[in-house]
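One-letter residues, chain by chain:
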Protein chains: 2
Amino acid sequence: MDSNIFSKHLNMENVKINDSFWNEITETVRKKVIPYQYLALQDKIDNAEKSYCIQNFIKAGKICKDIKSGKNTKTYPVDKWQYNENNSDKDSFQGWVFQDSDVYKWIEAVGYSLQNHYDEDLKRKAEEYIDIICNAQLDNGYLDTLYIINDRSKIFSNLKDHHELYCFGHLTEGAISYYKATGNRKLLDAACKFADLICDTFGEDRIKGYPGHETAEMALVKLYSETGKEKYLNTAKFFINERGKKPYYFDTEQNKESVGENYHYNQAHIQPKYQSEAVGHAVRGVYLYSAMTDIAKNCNDDELFSACKKIWDNISNKKMYITGGIGATVDGEAFSFDYDLPNDLAYAETCASIGLIFFARRMSECEINAHYADVIERVLYNTVLSGMAEDGKSFFYVNPLEVLPIASKMDSRKKHIKPVRQKWFSCACCPPNLARLISSINEYICTDNNNTIFINQYIGCKINSNNANIIIHSSYVKNGQISFDVKAKKPFKLALRIPYWCDEYHISKKYKLENGYAFIELNGNCTVNAEFITKIKMIKCSNKVRANVGKVAITRGPFVYCYEETDNGKNLHLLKLSENPNFVYKDGQIFADGLREKEDNQLYSEYNRPEFEECTLKFIPYYHWGNRGENEMAVYIRI
Amino acid sequence: MDSNIFSKHLNMENVKINDSFWNEITETVRKKVIPYQYLALQDKIDNAEKSYCIQNFIKAGKICKDIKSGKNTKTYPVDKWQYNENNSDKDSFQGWVFQDSDVYKWIEAVGYSLQNHYDEDLKRKAEEYIDIICNAQLDNGYLDTLYIINDRSKIFSNLKDHHELYCFGHLTEGAISYYKATGNRKLLDAACKFADLICDTFGEDRIKGYPGHETAEMALVKLYSETGKEKYLNTAKFFINERGKKPYYFDTEQNKESVGENYHYNQAHIQPKYQSEAVGHAVRGVYLYSAMTDIAKNCNDDELFSACKKIWDNISNKKMYITGGIGATVDGEAFSFDYDLPNDLAYAETCASIGLIFFARRMSECEINAHYADVIERVLYNTVLSGMAEDGKSFFYVNPLEVLPIASKMDSRKKHIKPVRQKWFSCACCPPNLARLISSINEYICTDNNNTIFINQYIGCKINSNNANIIIHSSYVKNGQISFDVKAKKPFKLALRIPYWCDEYHISKKYKLENGYAFIELNGNCTVNAEFITKIKMIKCSNKVRANVGKVAITRGPFVYCYEETDNGKNLHLLKLSENPNFVYKDGQIFADGLREKEDNQLYSEYNRPEFEECTLKFIPYYHWGNRGENEMAVYIRI
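In this text, all values refer to a predicted model and were calculated from it rather than measured experimentally. (Residues numbered from 1 in each chain as written. Chains lettered and ligands numbered in written order. Predicted model: local features only at pLDDT ≥ 70, side-chain atom pairs only at ≥ 80, totals over all residues. Heavy atoms only, no water.)

### Side note on the overall build of chain A
Turning to step 1, where the next piece is worked out: Along chain A, the regular secondary structure elements total 18 helices and 25 strands.
Turning to step 2, where the next piece is worked out: Its C-alpha radius of gyration of 25 Å places chain A within 12% of the 26 Å reference for a compact globule of 639 residues.
Turning to step 3, where the next piece is worked out: Counting every position in chain A, which comprises 639 residues, the buried fraction comes to 63%.
Turning to step 4, where the next piece is worked out: Expressed as a percentage of contacts within chain A between residues at least 6 apart in sequence, the contacts between residues at least 24 apart total 70%.
Turning to step 5, where the next piece is worked out: For chain A, the computed accessible surface area is about 23,000 Å², with 45% contributed by carbon and sulfur atoms. (Helix = DSSP H or I, 4+ residues; strand = E, 2+ residues; numbered from the N terminus. Rg over C-alpha atoms; globule rule 2.2 N^0.38 Å. Buried < 20%, exposed > 50% of the residue type's maximum accessible area, 1.4 Å probe, protein only. Contact = heavy atoms within 4.5 Å. Areas by Shrake-Rupley, 256 points an atom, 1.4 Å probe, with all protein chains shown as cover.)

### Concerning the sheet that holds strand β12 (residues 505–507) of chain B
All names here are of chain B.
Turning to step 1, where the next piece is worked out: The sheet built from 6 strands is open, its strands ordered β2-β8-β9-β10-β15-β12 with antiparallel pairing. Two strands bound the open sheet, and with one partner strand each, they are β2 (15–17) and β12. Across the sheet, the mean angle separating the axes of adjacent strands is 10° when strand polarity is ignored.
Turning to step 2, where the next piece is worked out: Pairing of strand β10 (residues 481–488) with strand β15 (residues 525–532), which is carried by 7 bridges, proceeds in the antiparallel orientation. Looking across to β15, one finds that Asp-485 is bridged to Thr-527. (Pairing = 2+ DSSP bridges. Axes fitted to C-alpha atoms, helices over the stretch in contact; angles between N-to-C directions.)

### Looking at the sheet that holds strand β10 (residues 481–488) of chain A
Residues and elements named next belong to chain A.
Turning to step 1, where the next piece is worked out: Taken together, 6 strands build an open sheet; the order of strands is β2-β8-β9-β10-β15-β12 and the sheet is antiparallel. Edge positions in the sheet fall to β2 (15–17) and β12 (505–507), since each has one partner strand and no second. Taken over all neighbouring pairs, the strand axes of this sheet differ in orientation by 10° on average, direction set aside.

### Observations concerning the interface of chain B and chain A
Turning to step 1, where the next piece is worked out: Contacts between the two partners involve 62 residues from chain B and, on the opposite side, 62 residues from chain A.
Turning to step 2, where the next piece is worked out: Carbon and sulfur atoms make up 52% of the surface buried where chain B meets chain A, a total of about 5,000 Å² over both sides.
Turning to step 3, where the next piece is worked out: If you sort the residues of chain B by the area they bury against chain A, B:Arg413, B:Arg546 and B:Tyr604 come out on top, with a joint share of 17%.
Turning to step 4, where the next piece is worked out: Across the contact surface, chain B and chain A share 12 salt bridges.
Turning to step 5, where the next piece is worked out: With a closest N to O distance of 3.0 Å, A:Glu632 and B:Arg546 form a salt bridge.
Turning to step 6, where the next piece is worked out: Across the chain B-chain A interface, the total number found is 36 residue pairs in polar contact (both at pLDDT 80 or more). (Buried area = accessible area lost by both parts, 1.4 Å probe. Salt bridge = Lys/Arg side-chain N within 4 Å of Asp/Glu carboxyl O. Polar contact = N/O pair within 3.5 Å; in protein donor to acceptor, adjacent residues only side chain to side chain.)

### Quick look at the relation of the copies chain B and chain A
Turning to step 1, where the next piece is worked out: Laying chain B over chain A is done by rotating through 180° and shifting 0.0 Å along the axis; what remains is an RMSD of 0.0 Å. Classification of the inter-copy transformation places it as that of a two-fold axis. Judged by C-alpha distance, B:Arg413 is the residue of chain B that lies nearest the rotation axis, at 3.7 Å.
Turning to step 2, where the next piece is worked out: Mapped onto chain A, 100% of the interface residues of chain B again fall at the interface, so both copies present the same surface. (Least-squares fit on C-alpha atoms with pLDDT ≥ 70 in both.)

### Some remarks on the side chain of B:Thr350
Turning to step 1, where the next piece is worked out: By secondary structure assignment, the location of B:Thr350 is in helix α13 (residues 350–364).
Turning to step 2, where the next piece is worked out: Setting aside chain neighbours within four positions, we find B:Thr350 in contact with B:Gly387, B:Phe396, B:Tyr397, B:Asn399, B:Cys430 and B:Leu434.

### Examining the pairing of strand β9 (residues 468–475) of chain B
Residues and elements named next belong to chain B.
Turning to step 1, where the next piece is worked out: A one-sided burial pattern is seen for β9, the buried positions being Ala-468, Ile-470, Ile-472 and Ser-474 and the unburied ones Asn-469, Ile-471, His-473 and Ser-475.
Turning to step 2, where the next piece is worked out: Judged from the 4 bridges that link them, strand β8 (residues 461–464) and β9 form a sheet pairing that is antiparallel. Paired with Asn-464 across the bridge in β9 is Asn-469.
Turning to step 3, where the next piece is worked out: Counting the residues between successive antiparallel strands, the hairpin from β8 to β9 contains 3 residues.
Turning to step 4, where the next piece is worked out: Pairing analysis gives 8 bridges linking β9 to β10, with the strands arranged antiparallel. Looking at the pairing, Ile-471 lines up with Asp-485 of β10.

### Some thoughts on the confidence of the model for chain A
Turning to step 1, where the next piece is worked out: When pLDDT is averaged across chain A, the result is 95; 99% of the residues are at 70 or more.
Turning to step 2, where the next piece is worked out: Predicted complex, confidence summary: ipTM 0.93, pTM 0.92. (pLDDT = per-residue confidence, 0-100.)

### Examining the packing of aromatic side chains
What describes a pair of aromatic rings is the distance from one ring centre to the other and the angle between the planes of the rings.
Residue and element names in this part refer to chain B.
Turning to step 1, where the next piece is worked out: Counting across every chain of the model gives 84 aromatic pairs over all chains.
Turning to step 2, where the next piece is worked out: For the pair Phe-21 and Trp-22, a centre-to-centre distance of 5.6 Å together with 80° between the ring planes defines the contact as edge-to-face.
Turning to step 3, where the next piece is worked out: Taking relative accessible area as the criterion, Phe-21 reaches 15% and is therefore assigned buried.
Turning to step 4, where the next piece is worked out: A cation sits over an aromatic face here: Arg-361 above Tyr-444, 4.4 Å from the ring centre. (Phe/Tyr/Trp six-rings, centres within 6.5 Å; stacked < 30°, edge-to-face > 60°. Lys NZ or Arg CZ within 6 Å of the ring centre and 35° of its normal.)

### Points about the pattern of salt bridges
Turning to step 1, where the next piece is worked out: Applying the stated criterion to the full structure yields 104 salt bridges over all chains.
Turning to step 2, where the next piece is worked out: Salt-bridge contacts for A:Glu377 lead to A:Arg497; the nearest nitrogen and oxygen are separated by 2.4 Å. Note that A:Glu377 is positioned in helix α14 (residues 370–386) and A:Arg497 in strand β11 (residues 492–497), a separation of 120 residues in sequence. Both residues of the pair, A:Glu377 and A:Arg497, count as buried.
Turning to step 3, where the next piece is worked out: Ionic pairing is found between B:Glu27 and B:Lys31, a salt bridge with its closest N-O pair at 3.5 Å. Placement of the pair is B:Glu27 and B:Lys31 together in helix α1 (residues 22–40), with a separation of 4 residues, close to one helical turn.
Turning to step 4, where the next piece is worked out: Residues participating in the shared-partner salt-bridge network are A:Asp503, A:Glu504, A:Lys535, A:Lys537 and B:Glu606.

Okay, here's the thing in structure tokens:
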């Protein structure tokens, strides 16, 4: 790895967004999503699935008090994934084993949001939760409500299936975000205390375990960056190196010999440095790959980075939907085999796409290659935005590319495909993940190093880099036009990403094209104008993907389009796009000449060329789908 | 219902097959399949899944002996669906709860086979098994090895999930077949004794239960026909009428209130006479519908027959694959919703198609309508024949219309789709079901009443009806030509089915066309020649079936064709049939002009008209697929 070309994303405080497209979305998150989730975490949303999250912290807090006052506490089983009113005692832990993480992700989102927009009421709410959380921490730093409430003798006894280290990771990321926003150290101190316990517990001459669901690794690197304490980096590195060694720790901890159990699910089948294909649970995967990239960069580990590159290529060339969705199969919420990207059975979890953005940004900071930011754009404008309803009050966990509502109801193979967004999920990882990502979108706009500013996402903002101050005026999503008011602090290069979808563009200054960026040498004050000509395109998916043979998808700029029953009538599969359609773009929608195959009723009959009638097809951006009630939707269309 | 037009299939002894196509298949069943299954039932096939069937009868026989000699016997749990070496004691019952039925179906097949071809060795083997079975019967007539071995106090306590009445059904059908073949009453007496116990146990003023897996109903009607004892008919009728009444017996027997449990699976959601759609477990379904038709005919029950007709229409117009496969979804091995007939996720269990043949023949005996026999033909020449390897030693349980071997291995949604036939199944319902159907194919050739012989399947044979003796010489599957040497015993009508696939035919005598049959008035001795012009056809599936839009299937006569990787190379989805292909038929195979789309590697790229290269496509009959090792296969092809 060449550390001379490493770059680093600018932090929240150095990128202030002001963008006609994104202002509305970040404001929805701030005004609707975050307050809504504040209530959801307390189970105060009517008719939504229960969270139990805050309730568990309150129960754990009482137990901490009881311990201090020497009272006896009860124990309950810790052998389930999900604890509910049917299978557990009401005084015991409720919800999924990873339920604690929801409030941590919410606090992380609040931290970012406060950095963008100070809000006393929101701060008060967050600190109310922080107090409840900190009351639930054991004296030795341990903090996971399942084990504190149910059975403290079993702490760290099931790393494979339980999520103490996962919850620790989210605690830490939330704590850092909140500390940066407010200077309030309370949660950060709690996170450090738990981190210290973890560093004392796991390592070469200690327990040789590692997380069943990766996140702690990324968080420990962040905590190292924040505190400078090397032990945090070393423990993250230990977790990465130890993973996949034989005998498998996940067998050892359960006192069993490996019976060929599938550790691909946890990416623990071989050591990460030998991995080359994205496998298993997709969210776990991209969280691991992100941490691998962190460690590779921090430790200048070529071998590990080479694995990251192979995995990246595997995902982006063979396992990613056009919408940026990853993890094609519901079974294990997992990556499927190469080119297996079914539209109507897709899993494509929102969290997995968010994790892919984490992975991509880290890769972009190690290498100069616009492809990483291209993928971030693809994911962001399609799967991420589709995860949330326009009103910010309902969410998609699964992001299919084709939906038939009756199939979701009648066909148990498609039960995971919801035709409309849900108010909340008992397993509510995605909504707060969306909130934290969108609230921190600032950190994805650019990276810099000592001589270059890389502009990765064309979002209107003010940038304060060591190289220059830049104001970006953007109407990128509308017409591909952006201008940059630059006040250089010294001679530097402005590197503008040429979007992957763009084959014609104009830049007002002389530039040199390299690795997908236009490099412009600048000094003093100046304005740079760029225009990325934005055309409607028909995109073909490789015919190695069986589901899309003979079909195309429509895109415009960063947006993938889809078509819905509400606009195009029932039985979307009968529609066909003309081969040379006359596209009309109006108010974000696309109209095109199409054909509708006449319905036939006889189940089997001799072939006659099917009859078609002409029609006008209407496409809307994929991220808008499902906002007008339950209906059919599809991305790909026959041509 | 108009009993004047009722007809009845001719029994085995009145139809002797001699047919160039079928002789080989029935001989394979006699010489290979039946002896192979004799060994499989005793777990004597290397590397095949275990049956445990005969072993269970031997264990139950010992217990009967112990009971008689007053010894104490152990009890074991009866709470599972499958008992194996991991979850049960080795002295207890092993296998699935319905394991007994496998030997009964085998004996039924042996009975039919012996009627066609007397074989002393086979008779000896069957009687060896019959002795083992009869030794296992309790004094009161009860005979189900799970409960006899494990816990006699729980007999008939779980009709919903366990299969005592199902096994009774198969015992009875096997016993009748064997008695007819040999005159040996031993098994028939055992069946009657069990039937008497069942009649004494279930009824209006007794236990108001009914089978969880239907079969007893059909068997009781058969036993009534054989013995003339009305109580058997009445109990069958009771089972049909009681089914689906509220409160649900399946709740009552488990002392619970219905919590909205899905009794569609067992077709017990409403009374059969009110049912109009085929739902739930497909084998259960068609066995029930067959019995409903039996009862309707025997009791002249218009209301029940009207339900049968609605269900029939639902299956044949909306829920049947072109191959005659039914039960589209693996979940619950069940009928899916209307027009949901995916090719690569199909379940289409062999047993379900066999049951559809049972249902169809019964319907054809109630109404004059060639459609029923058309469906029998479709099922028989495609899904039924594909169920068995050419060597008779391996079998398909699931009959997909598209197979990608890597998907079967890597994609858990497709684990049920086997790319090659299996030696045996722990749940081995299909292989002996095939053996009994093919051995009794004689009974599907024709039906008669007092003035008409309906020829439904054009299989070479000698027919002995009250109306006439007929010798059929058939090269139907080759070229559609059949001749009938008729010796009339009185003036009668010969009704020849016009096959559904045929639009040009020649019959050498004057005929009147009605309900799909050509009626020819005959007297004395004569020869009738018929030729059904057999063309290669491209068949379109209704575009309500999403999977097949833009595709066709190739057929010739009764055979649906498919194409395999072995003949056409990898990636069958890249092949396309020319719109006006020049078909060449040679030795049962079909060659046609086709196009192969060139592979592209880039996952997403701007659309360009794909490039094709010309190729010759080779199609083979669907029933032959998977006989040359693991490879891709598909029925439908893009056009």
